[in-house]
Amino acid sequence: MDIFGGSIRFDSVLNSLIVFKDVGFWAFDWEDDMNRAPNHGTVLHSMSCATIQINKDHNCHNLAGKPIPPSEMANSDHPRLILHSFLSPETCKELQFIHKSCSTIGYRQNVFSTTLSHLIATNSPHLILPFIPLREKLKEKVEEYFGCEYELFIEFTGLISWTKGASIGWHSDDNRPYLKQRDYAAVCYLNSYGVDFSGGLFHFQDGEPATFVPMAGDALLYTADSRNIHSVDEITGGERLTLTLWFSRDKSHDEDFKLISFLTKIPLNNPDTRSNVCLPLPASQNMYWFPPEQSATYQSGFDIRCARLHVLGYQLYSTNARLLADEHSSREFSDIILEPLHVVRGNDLFDYEFANILHLLQAVQFYHWKSPELKQSEVKMKPTKIISVSTSHQENIQLLKRQLLKDLHLAETIFSSGNDGERMEHDWVSFSGTVGLWEDYTSKLWHNLVSRLPNWIANQSIFLDQAVE
Ligand SMILES: O=C(O)CCC(=O)C(=O)O
Ligand SMILES: [Fe+2]
């Protein structure tokens with residue numbers, strides 16, 4: 001059936017009417033329509049506020065193609081907006097790489113987070129760069145849609161992941177005295193329901209859509225007040241990852257101000273002399289020990305960095321581990337991983353010394369990100385030596401594993417993906433080349449940061465300046 005020059009079909013699975021058009025998707029007032037058509041890119045959904053069309057440029061228009069006056073949006077009972085495919089698949093993967101190599105224990109049980117201040121504090125300030133254009137674009141969208149141009153400050157930017165058992169009941173995002181400054185929320189989904197995790201559906205208590213199904217690239221914008229009471233179902237498997245921002249009208253809650261003050265403290269001649277790149281420095285051990293309430297003893301639970309390596313099929317080898325006897329506490333083992341380490345897979349020990357656990361984890365996660373599309377011609381060859389794991393190596397590897405993954409089953413439950421592809425294909429030649437590509441990626445971002453920083457400091461604001469490259 002043809003409508004407005006597009007085609008229309010009723011999707012019984014999604015229980016929604018979908019109109020396919022080249023330019024984007026039409027939206028109508030329609031009952032019960034949490035819906036999507038990820039393969040078509042054109043989805044119909046209803047907004048309680050108005051009948052609108054959202055073009056691929058994500059601007060809001062009515063059916064006559066005229067922009068919708070912001071006042072109309074602001075007057076809705078439940079002001080909210082869904083932007084499908086707001087982030088590209090590549091951006092989702094890059095943010096996933098950052099989170100899986102830098103995250104710490106989060107603010108609630110079974111939740112992990114990567115904040116921009118944490119990236120700066122762990123000697124990875126260059127990793128805030130991929131966030132900058134996204135923060136700008138999201139702030140623009142929120143201001144445009146809710147009609148508050150030039151009024152907002154970004155209060156918080158972070159990557160947040162939820163794993164098995166995590167959930168949140170009905171709430172508004174400003175529902176605590178210390179959260180009253182929050183005016184708007186933007187949640188961008190970096191992976192997909194039914195593919196990367198199960199459970200974790202988002203619900204609004206009132207208005208449409210009643211349920212939102214997280215899909216990689218989609219963004220959900222809503223007011224942080226009681227007009228948008230929402231909840232998230234318990235995650236039943238996998239890791240659900242979002243880029244979450246809150247916006248405030250209150251300048252005293254401007255995140256940029258705090259971040260710039262941290263950034264001014266980092267030495268700009270930073271790159272490590274050995275590899276000539278900025279190497280990450282781990283924060284304190286309790287930020288990486290799961291579950292958090294037992295962090296004082298380290299007698300149960302696991303180190304989240306080692307767990308992330310384990311689920312991808314990697315182990316650690318330390319030349320220092322053999323100095324410690326079995327009965328020593330894991331606390332000392334957590335010190336060992338701040339020192340040089342080797343990566344092991346199966347019976348192969350890769351003869352390259354990583355500076356510490358975060359350096360090693362970043363290299364592995366970078367390989368995980370890049371290897372599917374890696375062309376041999378892009379790989380910068382480094383001499384690779386693989387050592388066959390001996391019995392004494394094996395004791396060393398098992399000792400570290402026992403001490404840092406006390407509860408191996410729990411570690412696997414928390415980090416094993418719903419997606420079986422997690423245990424990826426591996427070859428050492430590509431891996432070795434990717435270590436070189438990781439260095440290139442890191443130093444490019446680092447130089448980019450160094451060239452932008454003076455402008456940020458002068459303006460007390462973090463922004464993209466086209467003139468600086
Ligand atoms: O991740 C989501 O979909 C929303 C999470 C949420 O409601 C919150 O963090 O306040
Ligand atoms: Fe929320």
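Residues numbered from 1 in each chain as written. Chains lettered and ligands numbered in written order. Predicted model: local features only at pLDDT ≥ 70, side-chain atom pairs only at ≥ 80, totals over all residues.

1. Points about the overall build of the protein chain
Check the secondary structure of the protein chain and you find eleven helices and 24 strands. Here the protein chain holds 469 residues, and 42% of them are scored as buried. For the protein chain, the share of sequence-separated contacts (at least 6 apart) that also reach a separation of at least 24 residues comes to 72%. (Helix = DSSP H or I, 4+ residues; strand = E, 2+ residues; numbered from the N terminus. Buried ≥ 20, exposed ≤ 12 C-beta atoms within 10 Å, placed from the backbone. Contact = placed C-beta atoms within 7 Å.)

2. What to know about helix 5 (residues 255-263)
Those residues of helix 5 not exposed but buried are Glu255, Leu259 and Leu263. The arc that holds every buried residue of helix 5, seen down its axis, measures 65 degrees, which confines them to one face. For helix 5, the secondary structure elements touched by its buried residues are helix 3 (116-121), strand 10 (153-163) and helix 11 (428-459). (Arc of directions from axis to C-beta.)

3. Overview of the site of ligand 1
Surrounding ligand 1, one finds Ile168, Asp173, Val187, Phe202, His230, Val232 and Thr242. Taken together, the residues of the shell around ligand 1 sort by class into four nonpolar, two polar and one charged. (Near = placed C-beta within 6 Å. Nonpolar A, V, L, I, M, F, W, Y, C, P; charged D, E, K, R; others polar.)

4. Brief notes about the packing of helix 8 (residues 357-370) against helix 11
Two packed helices can be described by the angle between their axes and the distance between those axes. Taken N-terminus to C-terminus, the directions of helix 8 and helix 11 make an angle of 105 degrees; their axes are 9 Å apart at the nearest point. The pairing of helix 8 with helix 11 is recorded here as roughly perpendicular in orientation. Seen from helix 8, the contacting residues are Gln362, Ala363, Phe366, Tyr367 and Lys370; seen from helix 11, they are Phe431, Thr434, Val435, Leu437 and Trp438. Split by residue class, the contact of helix 8 with helix 11 holds seven nonpolar, two polar and one charged. (Axes fitted to C-alpha atoms, helices over the stretch in contact; angles between N-to-C directions. Parallel < 35°, antiparallel > 145°, perpendicular 65-115°, else oblique.)

5. What to know about the sheet that holds strand 11 (residues 168-171)
The strands making up a sheet associate through backbone hydrogen bonding, with each pair oriented either parallel or antiparallel. The four strands lie next to each other as 11-17-14-15, forming an open sheet whose pairing is antiparallel. Only two strands of the sheet have a single neighbouring strand rather than two, namely strand 11 and strand 15 (211-212). (Pairing = 2+ DSSP bridges.)

6. Regarding the environment of Val364
With respect to the helices, strands and loops of the structure, Val364 is situated in helix 8. For the pair Val364 and Ser101, spaced 263 residues apart in sequence, the C-alpha to C-alpha distance is 8.4 Å. If sequence neighbours within four positions are ignored, Val364 has contacts with Leu309, Leu312, Tyr314 and Val343.

7. Concerning the domain arrangement of the protein chain
Segmentation of the protein chain into domains returns domain 1 (2-76), domain 2 (89-266) and domain 3 (288-442). The distance between the C-alpha centroids of domain 2 and domain 3 comes to 28 Å. Contacts between the two partners involve 19 residues from domain 2 and, on the opposite side, 18 residues from domain 3. Contributions of two or more residues to the side of domain 2 that touches domain 3 are made by helix 2 (89-102), strand 8 (104-105), strand 13 (197-199) and strand 18 (235-248). The biggest single contributor to the side of domain 2 that touches domain 3 is helix 2, with four residues. Class assignment of the residues belonging to the side of domain 2 that touches domain 3 gives a composition of five nonpolar, nine polar and five charged. (Domains from an automatic or database assignment.)

8. Some details on unusual backbone geometry
For the peptide bond that leads from Glu208 to Pro209, omega is -5 degrees, which places it in the cis range. Here Pro209 lies in the loop between strand 14 (202-204) and strand 15. In the segment running from Phe290 into Pro291, the intervening peptide bond is cis, with an omega of -5 degrees. Residue position: Pro291 is located in the loop between strand 19 (289-290) and strand 20 (302-303).

9. A look at the pairing of strand 18
Most of strand 18 sits inside the fold, with eleven of its 14 residues counted as buried. Direction of pairing for strand 10 relative to strand 18: antiparallel, over a ladder of ten bridges. Its bridge partner being in strand 18, Ile154 is matched across the sheet by Phe247. Examined bridge by bridge, strand 12 (residues 184-189) and strand 18 share six bridges and lie antiparallel to one another. Bridge pairing in strand 18 links Tyr184 to Phe247.

10. Looking at the nonpolar core
Counting residues in each nonpolar core, the largest one holds 96 residues, and the members touching the most others are Val142, Ala186, Cys188, Leu221 and Val364. With nine residues, the top contributor of residues to this core is helix 8. Counting residues domain by domain, this core receives three or more from each of domain 2 (89-266) and domain 3 (288-442). Those residues in contact with Ala186, other than ones at most four positions away along the chain, are Leu138, Val142, Ala219, Leu221 and Leu245. (Core = buried A, V, L, I, M, F, W, Y, C linked by C-beta atoms within 7 Å.)

11. With respect to the sheet that holds strand 21 (residues 315-317)
Ordered by their spatial adjacency, four strands build an open sheet running 21-22-23-24, and the pairing between neighbours is antiparallel. Of all the strands in the sheet, just strand 21 and strand 24 (386-388) have a single pairing partner and so form its edges. Taking the axes of each pair of neighbouring strands and ignoring which way they run, one obtains an average angle of 35 degrees across the sheet. Strand direction decides the pairing type here: strand 23 (residues 348-350) and strand 24, joined by three bridges, are antiparallel. Of the residues in strand 24, the one forming a bridge with Leu349 is Ile387.

12. A few points about the packing of helix 2 against helix 8
It is the contact of helix 2 with helix 8, at a shortest axis distance of 9 Å, that shows an interaxial angle of 155 degrees. The angle between helix 2 and helix 8 falls in the class roughly antiparallel. Judged by the twist between their axes, the crossing of helix 2 over helix 8 is right-handed. Across the interface between the two elements, Lys93, Phe97, Lys100 and Ser101 from helix 2 touch Leu361, Gln362, Gln365, Phe366 and Trp369 from helix 8. Here the residues of the contact of helix 2 with helix 8 sort into four nonpolar, three polar and two charged. (Left-handed = near helix turned anticlockwise from the far one by under 90°.)

13. Brief notes about the pairing of strand 9 (residues 111-115)
Summarising burial for strand 9: four of the five residues are buried, a large majority. Pairing between strand 8 and strand 9: two bridges, direction antiparallel. Residue pairing for strand 9: Thr104 is matched across the bridge by Ser113. The turn linking strand 8 back onto strand 9 is made up of five residues, and Asn110 within it adopts a positive phi angle of 70 degrees.

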